[in-house]
2 protein chains.
Amino acid sequence: MSAWLDEIRWTADGLVPVVAQEAGTGQVLMVAWMNREALALTAAEGYAVYWSRSRGRLWRKGEESGHRQKVLEIRIDCDEDVVLLKVEQAGGIACHTGRHHCFYRVLQDGRWVTVEPVLKPPDSIYGA
Amino acid sequence: MSAWLDEIRWTADGLVPVVAQEAGTGQVLMVAWMNREALALTAAEGYAVYWSRSRGRLWRKGEESGHRQKVLEIRIDCDEDVVLLKVEQAGGIACHTGRHHCFYRVLQDGRWVTVEPVLKPPDSIYGA
């Protein structure tokens, strides 16, 4: 039952980049990484489990914030080295900054300009 | 005018992963990589220029196939380590397999199942 995991071309570090896209809106919410265990758990549990490179451990998205991602679909690309998730984003907030998604800055006239509002202050999400 | 490029957290190899999303449909078309020069050219020319890791050179998307990507918007994520492009996909084909996009396989019952049609055979795109 894990042959599908063997088809993925993991990086030398055993990871694969994962795009999380909101099913209802089509918004690209975030890009994170999974290792084999994280992807297996994501498929088994139906909620996104990433590998936190900064913390060096599995990261059940929303474990602190409650902003879990229910996984509706898991796709792989033509090179088998990128995963695309269709998700429902609990709370409507995917980003640790308290925004809907992580891509809140757009390049305008040679500068990154923030164009998305903070929906909930991070210290009220994670505790001060 | 290149300060915005300095804000990106390039990998040790000097690359950043780039998600190309179709503006009209919201479809995630592909994920590829850019180096600093590729991203600078993308911004300057208004068409996606990637770094081909397999070929070790700049890759003007569509240079062979004609399937260029007109860039409408360039975004950066909260960690400054992923770029999101909103594009218009020439020919409606982003994938080298001749499909609309690269994420044409979905996980179903522990197998990757192809669910998107080939719109144009690759040998008619690239020559036999």
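Residues numbered from 1 in each chain as written. Chains lettered and ligands numbered in written order. Predicted model: local features only at pLDDT ≥ 70, side-chain atom pairs only at ≥ 80, totals over all residues. Heavy atoms only, no water.

## Some details on helix H2 (residues 36-45) of chain B
Residue and element names in this part refer to chain B. Residues of H2 that are buried: Ala38, Leu39, Leu41 and Thr42. For H2, the arc enclosing every buried residue in end-on projection is 160 degrees, short of the 170-degree limit, so these residues lie on one face. Check the buried side of H2 and you find it contacts helix H1 (3-6), strand S2 (28-35), strand S3 (49-52), strand S4 (57-60), strand S5 (69-76) and strand S6 (83-89). In the stretch just after H2, glycine 46 is the one whose phi turns positive, near 80 degrees. (Buried < 20%, exposed > 50% of the residue type's maximum accessible area, 1.4 Å probe, protein only. Helix = DSSP H or I, 4+ residues; strand = E, 2+ residues; numbered from the N terminus. Arc of directions from axis to C-beta. Contact = heavy atoms within 4.5 Å.)

## What about the sheet that holds strand S7 (residues 105-108) of chain B?
In spatial order, the strands read S2(A)-S1(A)-S6(A)-S5(A)-S7(B)-S8(B); together these six strands make up an open sheet with mixed pairing. Both outer strands of the open sheet, strand S2 (28-35) of chain A together with strand S8 (111-114) of chain B, are each paired with one neighbouring strand and no more. Mean inter-strand twist for the sheet, computed between neighbouring axes without regard to direction, equals 35 degrees. Relative to strand S6 (residues 83-89) of chain A, strand S1 (residues 15-22) of chain A runs parallel, the two sharing five bridges. (Pairing = 2+ DSSP bridges. Axes fitted to C-alpha atoms, helices over the stretch in contact; angles between N-to-C directions.)

## A few points about the nonpolar core
Ranked by size, the top nonpolar core spans 43 residues in total, and within it A:Tyr50, A:Val83 and A:Leu85 carry the most contacts. The element best represented in this core is S2(A), accounting for six residues. In this structure, B:Leu5, B:Ala32, B:Met34 and B:Trp59 belong to the second largest nonpolar core, which totals 31 residues. (Core = buried A, V, L, I, M, F, W, Y, C linked by side-chain atoms within 4.5 Å.)

## Concerning the side chain of B:Gln89
All names here are of chain B. Note on placement: glutamine 89 falls in strand S6. At 2.8 Å, the side chain of glutamine 89 forms a polar contact with the side chain of glutamine 69. A polar atom in the side chain of glutamine 89 sits 2.9 Å from the backbone oxygen of isoleucine 93. Residues contacting glutamine 89, with those up to four places away along its chain left out, are Glu22, Leu29, Lys61, His67, Arg68, Gln69 and Ala94. (Polar contact = N/O pair within 3.5 Å; in protein donor to acceptor, adjacent residues only side chain to side chain.)

## Examining the sheet that holds strand S1 (residues 15-22) of chain B
Strand order in this open sheet of six strands is S8(A)-S7(A)-S5(B)-S6(B)-S1(B)-S2(B), and the pairing throughout is mixed. At either margin of the open sheet sits one strand with a lone partner, and together these are strand S8 (111-114) of chain A together with S2 of chain B. Taking the axes of each pair of neighbouring strands and ignoring which way they run, one obtains an average angle of 35 degrees across the sheet. As defined by bridge partners, strand S7 (residues 105-108) of chain A adjoins S5(B) across two bridges and the pair is classed as antiparallel. Pairing of A:Arg105 across the sheet is with B:Ile76, part of S5(B). Here H2(B) sits on the sheet and contacts S7 of chain A together with S2, S5 and S6 of chain B; the angle it forms with S2(B), its principal contact strand, is near 120 degrees.

## With respect to the environment of A:Val113
Residues and elements named next belong to chain A. Turning to its location among the elements, valine 113 is positioned in strand S8. Here the alpha-carbon distance between valine 113 and glycine 91, two residues 22 residues apart in the chain, equals 25 Å. Residues within four places of valine 113 in sequence aside, it is in contact with Tyr104, Arg105, Val106 and Gln108.

## Points about the UniProt feature "binding site: Mg(2+)" in chain A
Under the present numbering, the feature "binding site: Mg(2+)" in UniProt falls on A:Asp77, A:Asp79 and A:Asp81. As for the annotated residues named above, the ones lining the largest pocket are A:Asp81. Assignment of secondary structure puts A:Asp77 in the loop between strand S5 (69-76) and S6. Once you skip the residues sitting within four places of it in the chain, A:Asp77 turns out to touch A:Val82, B:Cys102, B:Phe103 and B:Arg105. In this structure the side chain of A:Asp77 is engaged in a polar contact, spanning 3.0 Å, whose partner is the backbone nitrogen of A:Asp81. Counting through the fold element by element, A:Asp79 comes out in the loop between S5 and S6. Every residue in contact with A:Asp79, bar those within four places of it in the chain, is listed here: A:Arg9 and B:His96. (UniProt positions renumbered as here; feature names shortened; annotations may be inferred. 1 Å grid on protein atoms, 1.4 Å probe; cavity = no way out; pocket = protein on both sides within 12 Å on 5 of 7 lines; lining within 4 Å.)

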